[in-house]
Amino acid sequence: MKPQKWAQEQRVLGTTAGGSTYMLTLPKAWVERFALKKGDALTLSLVGGGVYLGLDKSLGEPSKSTQLRIDPALVGEALARTLISRYIAGFNVLEIHGPISADQRQGIRATMQRLIGAEILQETAEFTLIHILRDPQVLSVEQLLDYIGDNVRGMLRDAPESLLDPNRERAVGVIQRDERVDRFFLLLSRRLYSALRNP
């Protein structure tokens, strides 16, 4: 597998001369790749236990949003497919308007766990706000295909052996990798759909 070129970079937190302001530098290669210049505004978001740096400028367009007026009958796999279709279509912001039942809320959470970069930012009885926070350019199509291939080869190797192994851990590992492949595939579909719309 080829190493990730853009996925992450370690930086040291610094301060200004007076020590009252903290600063963080960006790698020169990133600045050049996204055509950033002095004065450009970037967005910092708290996500889980970390900080996400949003390079909206790199996408060449404002975040695309969509709204979904949820129906009481929209549950289970139908709800999941509705949300996934909007993810693949390239929307970065999804507003769900209710009322939203407990089953629907659980279905929304379960579906978001299947989507790389999807985070629920707001949640009430009648509204859910979802953002796709991960920069889609971080993982290239080639990298996604490499990850899918590596995981599938491991599954094909371990699946037959797990049937003969009384220890369930190997079988559980195969299932977890299958779920990981599904997440990579959905992100790959999103990337390819975007490429077809914006060649």
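Reading the values: rules and limits
Residues numbered from 1 in each chain as written. Predicted model: local features only at pLDDT ≥ 70, side-chain atom pairs only at ≥ 80, totals over all residues. Heavy atoms only, no water. Helix = DSSP H or I, 4+ residues; strand = E, 2+ residues; numbered from the N terminus. Areas by Shrake-Rupley, 256 points an atom, 1.4 Å probe, with all protein chains shown as cover. Buried < 20%, exposed > 50% of the residue type's maximum accessible area, 1.4 Å probe, protein only. Arc of directions from axis to C-beta. Contact = heavy atoms within 4.5 Å. Pairing = 2+ DSSP bridges. Right-handed = clockwise from strand over helix to strand, strands pointing away. Axes fitted to C-alpha atoms, helices over the stretch in contact; angles between N-to-C directions. pLDDT = per-residue confidence, 0-100. Core = buried A, V, L, I, M, F, W, Y, C linked by side-chain atoms within 4.5 Å. Phe/Tyr/Trp six-rings, centres within 6.5 Å; stacked < 30°, edge-to-face > 60°. Lys NZ or Arg CZ within 6 Å of the ring centre and 35° of its normal.

**Focus on the overall build of the chain**
Each helix and strand in the chain was counted, giving 5 helices and 8 strands. Counting helices and strands in the order they occur from the N terminus, the chain gives β-β-α-β-β-β-α-β-α-β-β-α-α. When the accessible surface of the chain is summed, it comes to about 13000 Å², and 55% of that surface belongs to carbon and sulfur atoms.

**Here's the deal with helix α3 (residues 102–112)**
For α3, every residue scored as buried is listed here: Gln 104, Arg 105, Ile 108, Thr 111 and Met 112. In an axial view of α3, the angular spread of the buried residues amounts to 130°, which keeps them on one side of the axis. Exposed residues pointing more than 90 degrees away from the buried face of α3 are listed as Ala 102 and Asp 103. Looking at the buried residues of α3, the elements they touch are α2 (76–88), β6 (93–97), β7 (118–123) and β8 (127–132).

**Thoughts on the pairing of strand β5 (residues 65–69)**
A one-sided burial pattern is seen for β5, the buried positions being Thr 66 and Leu 68 and the unburied ones Ser 65, Gln 67 and Arg 69. Note: β5 against β6, 5 bridges, orientation parallel. Counted as the bridge partner of Arg 69 is His 97 from β6. Handedness of the crossover joining β5 and β6 through α2: right-handed.

**Observations concerning the sheet that holds β5**
Spatial ordering of the open sheet is given by β5-β6-β8-β7, a layout of 4 strands whose pairing is mixed. Only two strands of the sheet have a single partner each, and these edge strands are β5 and β7. Shown here is a sheet whose adjacent strand axes are inclined to one another by a mean of 20°, direction ignored. Packing of α2 onto the sheet brings it into contact with β5, β6 and β8, and relative to β5 it is tilted by some 165°. Contacts from α3 reach β6, β7 and β8 within the one sheet, and its direction differs from that of β7 by about 150°.

**Considering the pairing of β6**
For β6, the tally of buried residues reaches 4 of 5 residues, placing the bulk of the element in the interior. Bridge count for β6 against β8 is 5 bridges, and the pairing is antiparallel. Among the inter-strand pairings, Ile 96 is bridged to a residue of β8, identified as Thr 128.

**Remarks on the confidence of the model for the chain**
Note: predicted coordinates in regions of low pLDDT should not be interpreted at a detailed level. Across the chain, pLDDT averages 80, with 82% of residues at or above 70. Highest mean pLDDT in the chain belongs to α3 (93); lowest belongs to strand β3 (residues 43–47) (59). Contacts of residues 1–6 to residues separated by more than four positions or lying in other chains number 13 contacts, the stretch itself having pLDDT below 50. Within the model, pLDDT remains below 50 along residues 57–62, and this stretch shows 11 contacts once partners closer than five positions in the same chain are excluded.

**Quick notes on the nonpolar core**
Ranked by size, the top nonpolar core spans 28 residues in total, and within it Leu 83, Tyr 87, Ile 96, Ile 108, Met 112 and Leu 115 carry the most contacts. Sequence-distant contacts of Leu 83, defined by excluding residues within four places in its chain, comprise Leu 68, Leu 94, Ile 96, Ile 108, Thr 111 and Met 112.

**Some remarks on the packing of aromatic side chains**
Counted by the stated rule, this structure contains 1 aromatic pair. Between Tyr 147 and Phe 184, the aromatic rings sit 5.4 Å apart at their centres with planes inclined by 25°, giving stacked as the arrangement. Highlighted residues: Tyr 147 in helix α4 (residues 141–164) and Phe 184 in helix α5 (residues 169–197), separated in sequence by 37 residues. Overall, Tyr 147 belongs to the buried group, its relative accessible area being 14%. Just above the ring of Tyr 87 sits the side chain of Arg 190; from NZ or CZ to the centre is 5.1 Å.

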